[in-house]
Structure formats: C-alpha cells, structure tokens
Amino acid sequence: STVLWLGLPFGDWQTAGTFALGQINTLGFSRYDYDDACREVARNYGITYISQLEELGWNLTNITTVLSDRVHPNSTGSQERADLFSKYINNIFI
C-alpha cells in the first residue's frame, strides 16, 4: 500500500502577533516545528509527506483569499489543495 501524509496548512487561528510565527503554542512550538517533526517521522517510515506549509504558498498576504472563515479553505483554497494532492497521487499511481 501507499500512504500519503498531509501536513498542516498555513492557518489564521490566533492573533497577528503569533500568526506570523506560525502560531506558537503554549509549549513554544509552531506549525513549522510540527511540520518538520512529521516530515522526519514520515521519512523514517517511508511515507510520502506533503508539506502544505511549504508547497501551497499560503502566507500573511494571501491567507484571506483561500480561507472562508479564518480556518477552513474556501473554493479557491480547496482547489489549490486538490491540485497539490493530485500532483502527488498522479506521481504515485500513473
């Protein structure tokens, strides 16, 4: 079987002060820290990891155009994610 692991996308859940740093949690970790850790685990187990943080290109300047409610992707964001996932699926199965 083939496993794809979908990493966290860039989000807009917190205040602007923590947002630019990837939303630092109470443990002092950001989304990017978790992305790096997930990528390492995936690599160790031979799992294909899709870093949405790196590959989608979502950031402070465009996040409102891809999210509908500051959390969930709108039709534009959903299409961008689908295009990214399709690229990986096509590389594996075609």
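The structure under discussion appears in the preceding block.
Computed from a prediction, not measured in an experiment: that's the story for all the values here.

S.K.: Explain the pattern of salt bridges to me, please; I cannot follow it from the model alone.
M.R.: Side-chain pairs of opposite charge can arise where the charged atoms are in close proximity. Evaluated as defined, the whole model comprises 4 salt bridges. Among the ionic pairs, Arg 39 bridges to Asp 36, the shortest N-O distance being 3.5 Å. In this pair, Arg 39 and Asp 36 both sit in helix H2 (residues 31–45), 3 residues apart, roughly one turn of the helix. We classify Asp 36 as partly exposed; its relative accessible area is 45%. Taking the shortest distance from any N to any O, the salt bridge between Glu 54 and Arg 39 comes out at 3.0 Å. Taken as a pair, Glu 54 in helix H3 (residues 52–55) and Arg 39 in helix H2 lie far apart in primary sequence, 15 residues in all. When salt bridges with common partners are traced through the structure, they connect Asp 35, Asp 36, Arg 39 and Glu 54 into a single cluster.

S.K.: I keep staring at the environment of Gln 79 and nothing clicks. Help me out?
M.R.: With respect to the secondary-structure elements, Gln 79 resides in helix H5 (residues 75–93). Placed 13 residues apart in sequence, Gln 79 and Val 66 show a C-alpha to C-alpha distance of 9.3 Å.

S.K.: Can you help me understand the side chain of Ser 51 in this one?
M.R.: Turning to its location among the elements, Ser 51 is positioned in the loop between strand S2 (48–50) and H3. A polar side-chain atom of Ser 51 sits 2.7 Å from a polar atom in the side chain of Asp 35. Excluding anything up to four places from it in sequence, Ser 51 contacts Asp 35 and Arg 39.

S.K.: Got a minute to help me understand the nonpolar core in this structure?
M.R.: Core analysis: the largest hydrophobic core is formed by 11 residues, namely Phe 10, Ile 50, Leu 53, Leu 56, Trp 58, Ile 63, Val 66, Leu 67, Leu 84, Phe 85 and Tyr 88. For this core, the secondary structure elements donating two or more residues are helix H4 (63–66) and H5. If one sorts the elements of this core by residue count, H5 sits on top with 3 residues. Here Ile 50 is in contact with Leu 4, Trp 5, Leu 6, Gly 7, Leu 84, Phe 85 and Tyr 88, once residues within four sequence places are set aside.

S.K.: Help me understand a nonpolar patch on the surface, please; the structure alone is not making it clear to me.
M.R.: Taken together, Leu 8, Leu 27, Phe 29 and Tyr 34 make up a surface patch of nonpolar side chains, about 390 Å² in accessible area. Looking at where Phe 29 falls in the secondary structure, it is placed in the loop between helix H1 (16–19) and H2.

S.K.: For this particular structure, what's the right way to read the packing of aromatic side chains?
M.R.: Aromatic ring pairs are described here by two measures, namely the spacing of the ring centres and the angle between the planes. All chains considered together, the criterion is met by 2 aromatic pairs. The interplanar angle of 85° and the centroid separation of 5.7 Å between the aromatic rings of Trp 5 and Tyr 49 together place this pair among those described as edge-to-face. Of this pair, Trp 5 sits in strand S1 (residues 4–6) while Tyr 49 is found in strand S2, placing the two residues 44 residues apart along the sequence. The exposure class assigned to Tyr 49 is buried, which follows from its relative accessible area of 11%. Their ring planes at 65° and their centres at 5.9 Å tell us that Phe 29 and Tyr 34 sit as a pair that is edge-to-face. The class for Tyr 34 is partly exposed, based on a relative accessible area of 36%.

How each quantity is defined
- Residues numbered from 1 in each chain as written.
- Predicted model: local features only at pLDDT ≥ 70, side-chain atom pairs only at ≥ 80, totals over all residues.
- Heavy atoms only, no water.
- Salt bridge = Lys/Arg side-chain N within 4 Å of Asp/Glu carboxyl O.
- Helix = DSSP H or I, 4+ residues; strand = E, 2+ residues; numbered from the N terminus.
- Buried < 20%, exposed > 50% of the residue type's maximum accessible area, 1.4 Å probe, protein only.
- Polar contact = N/O pair within 3.5 Å; in protein donor to acceptor, adjacent residues only side chain to side chain.
- Contact = heavy atoms within 4.5 Å.
- Core = buried A, V, L, I, M, F, W, Y, C linked by side-chain atoms within 4.5 Å.
- Patch = residues over 30% accessible without salt bridge, like charges linked within 9 Å, V, L, I, M, F, W, Y side chains within 5 Å.
- Areas by Shrake-Rupley, 256 points an atom, 1.4 Å probe, with all protein chains shown as cover.
- Phe/Tyr/Trp six-rings, centres within 6.5 Å; stacked < 30°, edge-to-face > 60°.

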